[in-house]
Amino acid sequence: MFLHGTSRVNEQGHLEIGGVDVVELAKTYGTPLYIYDVALIRARARAFKEAFRRHGVRAQVAYASKAFSSIAMVQLAAEEGLSLDVVSGGELYTALAAGFPPERIHFHGNNKSWGELAMALEHGIGCIVADNFYELELIENLAESSGRTVPILLRVTPGVEAHTHDYILTGQEDSKFGFDLHNGQADEAFRRVRASAAFQLLGVHCHIGSQIFETAGFVLAAQKVFAKLAEWNKAHGFVPAVVNLGGGFGIRYTEEDDPIPVEAYVDCIVEEVKKQAAACGLPLPEIWIEPGRSLVGDAGTTIYTIGSRKEVPNVRTYIAVDGGMSDNIRPALYGAKYEAVLANRMFGERTEIVSIAGKCCESGDMLIWDIALPEAKPGDYLAVFCTGAYGYSMANNYNRLPRPAVVFVENGEAQLVVKRETYEDLIQYDLPLKTKVKK
Ligand SMILES: *Cc1c(COP(=O)(O)O)cnc(C)c1O
């Protein structure tokens, strides 16, 4: 059985998460419903932090809030002593509204607007991860008009692109993000930043990809970053205070995925940074990482109610649920794979192979192809696992489906943390057509 965190099967044969019966949750809050196992999120956050603590190095573990941003989630990250990545004014606004300490917020993005940067500066956030020359100009102008010095990291593209089970080495990375390490852009950005009183250059940042199962890509990225830092140190005496190696640590969506424990990534990153810093004659910088998916991904489960069934003889059987690409676009967008169970019949024998369809008007709106389940009837509850990252945060109102509610469960208690949208919510920004003036 494919269960994560505190998930288990109770005496009634129902899925239980955080000590709460999922069937009861579905009845109370309706479906589709996102359920988060708070204890699992806490355990992951602590595992990352503890791994750095064991090495005795200064570090920040920043939750990449794009994976799932809400007031309660940001507050949970604060409670666990995480830092926070935001990539837009909206995510920043959410963080500030949640009372997240501004000095632990890092602002990412390849096209931050003047307004977004002004907002970040006004609230004194911890650092801006500067991505391009246009942004440097905006920050400089803002800093000058406000008389502030802005702490920044330079985002560099190291020419290492990591994917699930392999990584690609490219001399020059074809990416919309960051300053290229190899073609002189990073050097030019460095000179520009050092020549201006507007910036306090903390160090560099790189992020090599997502859903990565190997440590090799991180080692390589650290090597490339330090090669550049060594140059800057020799030529300009620059001593980095921070090296940020990004996120992208992989999780187990299906039996096919075989992630390594979070400690293994941290161990490898710390060892390589220590080695590189020593080799370059640099003091050990603070090490920052930015997990998103690996903090919240497998802590999230989506519950749907099963509705219609369509059998295509000798081809397949479609089982449709009351959500789909509106609450989980990842299968349609990336061909992402998921595991699922019938949450109300966990002891049921898996006697048929079916494909799970969403209810949107789009043939590509499929959640899972060819999964073994007990014979599903209308009204059964389907639980899809590992929907905690890039599920709600990518949810949309296609076909004017209201976005689902989100509940946190922990120690036998459930708490609604995002309300379900209503039909009224869906039309709240619509304005009626102007009536034509009669002649
Ligand atoms: C998306 C992103 C992350 C988090 O990625 P995960 O795969 O969710 O861990 C971290 N840093 C940056 C810069 C990102 O763009």
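Read on for an overview of the structure. Everything numeric in this text was worked out from a predicted model, so none of it was measured.

1. Side note on the site of the ligand
Now for step 1: Taken together, 14 residues lie around the ligand, and Lys-66, Ser-210, Glu-290, Arg-293 and Tyr-390 are the ones closest in.
Now for step 2: Residue Ser-210 places a side-chain N or O atom 2.7 Å away from an oxygen atom belonging to the ligand.
Now for step 3: Between the ligand and the protein, one listed contact pairs a nitrogen atom with a side-chain N or O atom of Glu-290 at 2.6 Å.
Now for step 4: Taken by itself the ligand offers 390 Å² of open surface, and the protein chains cover 94% of this.

2. Examining the environment of Leu-382
Now for step 1: Within the element layout of this structure, Leu-382 appears in strand 21 (residues 381-385).
Now for step 2: Those residues in contact with Leu-382, other than ones at most four positions away along the chain, are Thr-302, Ile-303, Tyr-304, Ile-306, Val-321, Ala-340, Val-341, Leu-342, Ile-356 and Leu-373.

3. Let's talk about the nonpolar core
Now for step 1: Within the largest apolar cluster, 94 residues are counted, with the highest numbers of intra-cluster contacts made by Tyr-63, Ile-128, Ile-152, Leu-154 and Val-296.
Now for step 2: When residues are assigned to domains, this core turns out to be shared by domain 1 (8-30 + 299-426) and domain 2 (38-293), each giving three or more.
Now for step 3: Look past the residues within four positions of Leu-154 in its chain and what remains in contact with it is Ala-130, Leu-136, Phe-179, Ala-186, Ala-189, Phe-190, Val-193, Leu-201, Gly-203, Val-204, His-205 and Trp-232.

4. A few points about the packing of helix 8 (residues 216-236) against helix 9 (residues 262-280)
Now for step 1: Two numbers describe how helix 8 lies on helix 9: the axes approach to 9 Å, and their chain directions differ by 25°. Between helix 8 and helix 9, the crossing angle belongs to the class labelled roughly parallel. The hand of the helix 8/helix 9 crossing is right-handed. Here Phe-218, Val-219, Ala-222, Gln-223, Phe-226 and Ala-230 of helix 8 come into contact with helix 9, specifically with Tyr-265, Cys-268, Ile-269, Glu-272, Val-273, Gln-276, Ala-277 and Cys-280.
Now for step 2: Here the contact of helix 8 with helix 9 is composed, by residue class, of 11 nonpolar, two polar and one charged.

5. Observations concerning helix 4 (residues 89-97)
Now for step 1: Buried within helix 4 we find Gly-89, Glu-91, Leu-92, Thr-94 and Ala-95.
Now for step 2: On the buried face of helix 4, the contacting elements are helix 3 (71-79), strand 6 (83-86), strand 7 (105-107) and helix 5 (114-122).
Now for step 3: After helix 4 finishes, the residue Gly-99 shows a positive phi value of roughly 80°.

6. Focus: the pattern of salt bridges
Now for step 1: Applying the stated criterion across every chain yields a total of 22 salt bridges.
Now for step 2: The shortest N-O distance in the salt bridge between Arg-42 and Glu-79 comes to 2.8 Å. Taken as a pair, Arg-42 in helix 2 (residues 38-55) and Glu-79 in helix 3 lie far apart in primary sequence, 37 residues in all.
Now for step 3: Note that Arg-58 and Glu-286 form a salt bridge whose closest N and O atoms lie 3.7 Å from each other. Placement of the pair is Arg-58 in the loop between helix 2 and strand 5 (59-64) and Glu-286 in strand 15 (residues 286-289), with a sequence separation of 228 residues.

Scoring rules and cut-offs
- Residues numbered from 1 in each chain as written.
- Predicted model: local features only at pLDDT ≥ 70, side-chain atom pairs only at ≥ 80, totals over all residues.
- Heavy atoms only, no water.
- Near = heavy atom within 4 Å.
- Polar contact = N/O pair within 3.5 Å; in protein donor to acceptor, adjacent residues only side chain to side chain.
- Areas by Shrake-Rupley, 256 points an atom, 1.4 Å probe, with all protein chains shown as cover.
- Helix = DSSP H or I, 4+ residues; strand = E, 2+ residues; numbered from the N terminus.
- Contact = heavy atoms within 4.5 Å.
- Core = buried A, V, L, I, M, F, W, Y, C linked by side-chain atoms within 4.5 Å.
- Buried < 20%, exposed > 50% of the residue type's maximum accessible area, 1.4 Å probe, protein only.
- Domains from an automatic or database assignment.
- Axes fitted to C-alpha atoms, helices over the stretch in contact; angles between N-to-C directions.
- Parallel < 35°, antiparallel > 145°, perpendicular 65-115°, else oblique.
- Left-handed = near helix turned anticlockwise from the far one by under 90°.
- Nonpolar A, V, L, I, M, F, W, Y, C, P; charged D, E, K, R; others polar.
- Salt bridge = Lys/Arg side-chain N within 4 Å of Asp/Glu carboxyl O.

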